[in-house]
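Structural characterization, general
Spelled out, the chains give:
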Amino acid sequence: MNGLWWRCLSLCIFIGTSIGAPASEPSSDDNYWAQRSRFLIEESQVSLGGRMHFEYGERAANNILMAAKEEEVDEGFVDPSSFLPARNFLTVVDEVRGSSTFQIIEKMPKGAALHIHDTALTSADFVFENITFRDDLYVCRPADGSFQFRFRRVADKKVTCASSEGWELLADLRANSSIKDEVDTRIRQAMTMIVPDPAKAYPNVNVAWIAFQNIFITIEPMLTYLPVYEDYYYQGLYELYDDNVLYLELRSTLPTLYDLDGNQYGPIEVARLYKETTERFVKNHPDFIGTRLIYAPLRNANDRQMDDYLTTFAALRKEFPDFVIGFDLVGQEEKGEPLARFVDKLRAVSPSIRLFLHAGETNWNGLSTDENLIDAILLNATRIGHGYALLKHPRVLELAVEREVAIEVNPISNQVLTLVGDMRNHPASFLFARDYPVVLSADDPGLWGARGLSYDFYEAFVGIMSRSADIRALKQLALNSIKYSAMPDEEKVRAYEIWTEKWAKFITDMTYEYSIVSRSKRSCEVDFVPT
Ligand SMILES: *[C@@H]1O[C@H](CO)[C@@H](O)[C@H](O)[C@H]1NC(C)=O
Ligand SMILES: *[C@@H]1O[C@H](CO)[C@@H](O)[C@H](O)[C@H]1NC(C)=O
Ligand SMILES: *[C@@H]1O[C@H](CO)[C@@H](O)[C@H](O)[C@H]1NC(C)=O
Ligand SMILES: [Zn+2]
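To keep things clear, this report deals only with the structure shown in the data block. (Residues numbered from 1 in each chain as written. Chains lettered and ligands numbered in written order. Predicted model: local features only at pLDDT ≥ 70, side-chain atom pairs only at ≥ 80, totals over all residues. Heavy atoms only, no water.)

Moving on to the site of ligand 1. Near ligand 1 you find Phe126, Asn130, Arg134 and Asp231, and these make up its full shell. Note that an oxygen atom of ligand 1 is positioned 2.2 Å from one of the side-chain N or O atoms of Asn130. Considering ligand 1 on its own, with 360 Å² of exposed area, one finds that the protein chains cover 39% of that surface. Along the lines of polarity and charge, the residues of the shell around ligand 1 split into 1 nonpolar, 1 polar and 2 charged. (Near = heavy atom within 4 Å. Polar contact = N/O pair within 3.5 Å; in protein donor to acceptor, adjacent residues only side chain to side chain. Areas by Shrake-Rupley, 256 points an atom, 1.4 Å probe, with all protein chains shown as cover. Nonpolar A, V, L, I, M, F, W, Y, C, P; charged D, E, K, R; others polar.)

This part covers the pattern of salt bridges. Enumeration over the complete set of coordinates arrives at 35 salt bridges. Linked through salt bridges whose partners overlap, the residues forming this network are Glu249, Arg251, Asp328, Arg383 and Glu408. (Salt bridge = Lys/Arg side-chain N within 4 Å of Asp/Glu carboxyl O.)

Here the focus is the site of ligand 3. Around ligand 3, the surrounding shell consists of Arg347, Ser350, Leu378 and Asn380. Take Asn380: an N or O atom from its side chain is 2.3 Å from an oxygen atom of ligand 3. Of the residues in the shell around ligand 3, the class split is 1 nonpolar, 2 polar and 1 charged.

The protein atoms that coordinate the zinc ion (ligand 4) are His115 (NE2), His117 (NE2), His358 (NE2) and Asp443 (OD), at distances spanning 2.1 to 2.3 Å. Between the 4 donor atoms coordinating the zinc ion (ligand 4), the angles at the centre fall across 84 to 172°, so the site counts as irregular. Between consecutive donor residues of the zinc ion (ligand 4), the sequence gaps follow H-x1-H-x240-H-x84-D. With His115 in strand 1 (residues 111-117) and Asp443 in the loop between strand 13 (438-440) and helix 19 (454-464), this pair connects stretches of sequence that are 328 residues apart. Among the residues examined, His115 registers a relative accessible area of 0% and is labelled buried. (Donors = N, O, S within 2.8 Å, 3.2 Å for Na, K, Ca; no water. Tetrahedral: all angles 85-135°; square planar, octahedral: opposite > 155°, others 65-115°. Helix = DSSP H or I, 4+ residues; strand = E, 2+ residues; numbered from the N terminus. Buried < 20%, exposed > 50% of the residue type's maximum accessible area, 1.4 Å probe, protein only.)

Attention shifts here to the packing of aromatic side chains. Scanning the model with the defined rule gives 24 aromatic pairs in all. For the ring pair Phe128 and Phe133, a centre distance of 5.8 Å and an interplane angle of 85° mean the geometry is edge-to-face. With 5.1 Å between their ring centres and 70° between their planes, Tyr234 and Phe281 make a pair best called edge-to-face. With Tyr234 in helix 11 (residues 226-242) and Phe281 in helix 12 (residues 267-284), this residue pair connects regions lying 47 residues apart in the sequence. (Phe/Tyr/Trp six-rings, centres within 6.5 Å; stacked < 30°, edge-to-face > 60°.)

With 17 residues, helix 2 (residues 30-46) extends 25 Å between its outermost C-alpha atoms, agreeing within 8% with the 24 Å of an ideal straight helix rising 1.5 Å per residue. Buried residues of helix 2: Ala34, Ser37, Ile41 and Gln45, and no others. An end-on view of helix 2 places all buried positions within 80° of arc, on one side of the element. (Expected span 1.5 Å × (residues − 1). Arc of directions from axis to C-beta.)

Next up on the list: the state of the cysteines. Going through the model one piece at a time under the given rule, you end up with 1 disulfide. Residue Cys140 pairs covalently with Cys161 via a disulfide, S to S 2.1 Å. Taking the torsion about the S-S bond as the criterion, the Cys140 to Cys161 disulfide, at about 90°, is right-handed. Remark: Cys161 occurs in the loop between strand 3 (148-151) and strand 4 (168-169) and Cys140 occurs in strand 2 (residues 137-140); sequence separation between them is 21 residues. Just as Cys140 is buried, Cys161 falls in that class too. (Disulfide = S-S within 2.5 Å.)

It is worth spelling out the packing of helix 20 (residues 471-483) against helix 21 (residues 489-513) at this point. Put simply, helix 20 and helix 21 touch, their axes get as near as 10 Å, and they point 160° apart. On the basis of their axis angle, the class for helix 20 and helix 21 is roughly antiparallel. Both helix 20 and helix 21 take part in a crossing whose hand is right-handed. Packed against helix 20, whose contacting residues are Ile471, Lys475, Ala478, Leu479, Ile482 and Lys483, the element helix 21 presents Lys492, Ala495, Tyr496, Trp499, Trp503, Phe506, Ile507 and Met510 at the interface. Here the residues of the contact of helix 20 with helix 21 are counted per class, giving 11 nonpolar, no polar and 3 charged. (Axes fitted to C-alpha atoms, helices over the stretch in contact; angles between N-to-C directions. Parallel < 35°, antiparallel > 145°, perpendicular 65-115°, else oblique. Left-handed = near helix turned anticlockwise from the far one by under 90°. Contact = heavy atoms within 4.5 Å.)

Shown next as structure tokens:
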């Protein structure tokens, strides 16, 4: 209530002074207060969504959203320990779910997810509750507490297992009541980064990345069982759809899949599985637009491997020209090869191959990692993954704006992988303040208890953007995600139409649901739109 009152006041002052009436502030220098009000309005106008007008119903919906957000921010201002974005997401997932701001964001149509990785797309709950309860799943439990998984007809003696028990059928372990609970607890722990004390468990970026990569190493042999891979992906699409996301550009390493007969399935077959599973999903959910694929193998590669990647990519493009859209390299930038190492190879193929490069996902300044940003922009990347270090390279930022190279910001990922502790310090606050070409995504939601994009939208909206950033900022993020996607133009038009309809419903539903609350608050509303 307090917050709303202040907003009203500053607008009233602005209106008062702009029509020449004396400001009511008890000041000897009236001009100062007019200047100050103009300053705030100008700041808001150059920010994300700041140039948009409120359209039908949006003002009332905004009041509801902002009441929730301001209450949360103002409570944090008084008692910082209550402010969720200041704390590690791994410890506040459940509290975020209880936030009214989050609950509104969940219902919002968020557009497209443009930066998510294959085997981190789907929630760990699904992997645990569905996949680990399937037949034929064997586990190996070495003494170090790690786990290995394989689907097999019979225990596989060829794959070594550093446990005296050898490969055991998971169903048999679960049938043993004296160990069942412990086994289940440990399996769940092996699937996410969630720990009680992240600062202790992940003291720096290298330690965090080792834990992160160990999860992929643990779950991949379970997920790459052909029927599981398909169901996991389908469920991932469902979780996005359920979170009001309408399109996905998936980055995949295209891991080799297997079945129980000893067959293996290579990149072309994996891409076909993605394409056909997407088509099946769209058939069942016609208001989901679809997906496209970015081939994104490991950056920790030598020249020969890089040549293989590009050969594979060429074959993928030939087979799926509309579905496979581009190339990227993944893995911790500090430990992998810098982009500069592969510049010649990438330049050789550059005009014909679109690059969606991870670059500058780092805290370092002036090292190979943040200099990846320079290569990304000089290689004419279509979008930049993370760009966390962008503020250290203003020229890259200028070129990104000039060439409309969108920055894919993934706030929770940056926090879990220790680049930032408190979201209020996330560098994207600057990108939001100046309406840079930004899209928001989730990177690896399944690995930290998130689902879809809502959690990252929440962290950005409440923790990274200004307290005054409103529903127009969220709307702009959704529109950006369509604009900067690789959809062909006619598909963008369709996505935009579907999104617009859903947005209108979101606005109507919100105002209807909260109509009584919003009526009581409207007494303070000023019908003025800064232009
Ligand atoms: C797992 O999910 C599939 C669909 O993806 C469903 O058909 C099956 O019944 C589920 N199994 C379990 C054990 O939940
Ligand atoms: C159950 O597990 C315990 C602990 O590993 C083991 O000693 C016991 O033999 C198991 N029981 C059966 C029936 O396998
Ligand atoms: C990037 O684009 C610029 C301008 O269109 C062009 O001159 C340059 O050759 C391109 N660079 C690469 C590596 O494709
Ligand atoms: Zn990523």
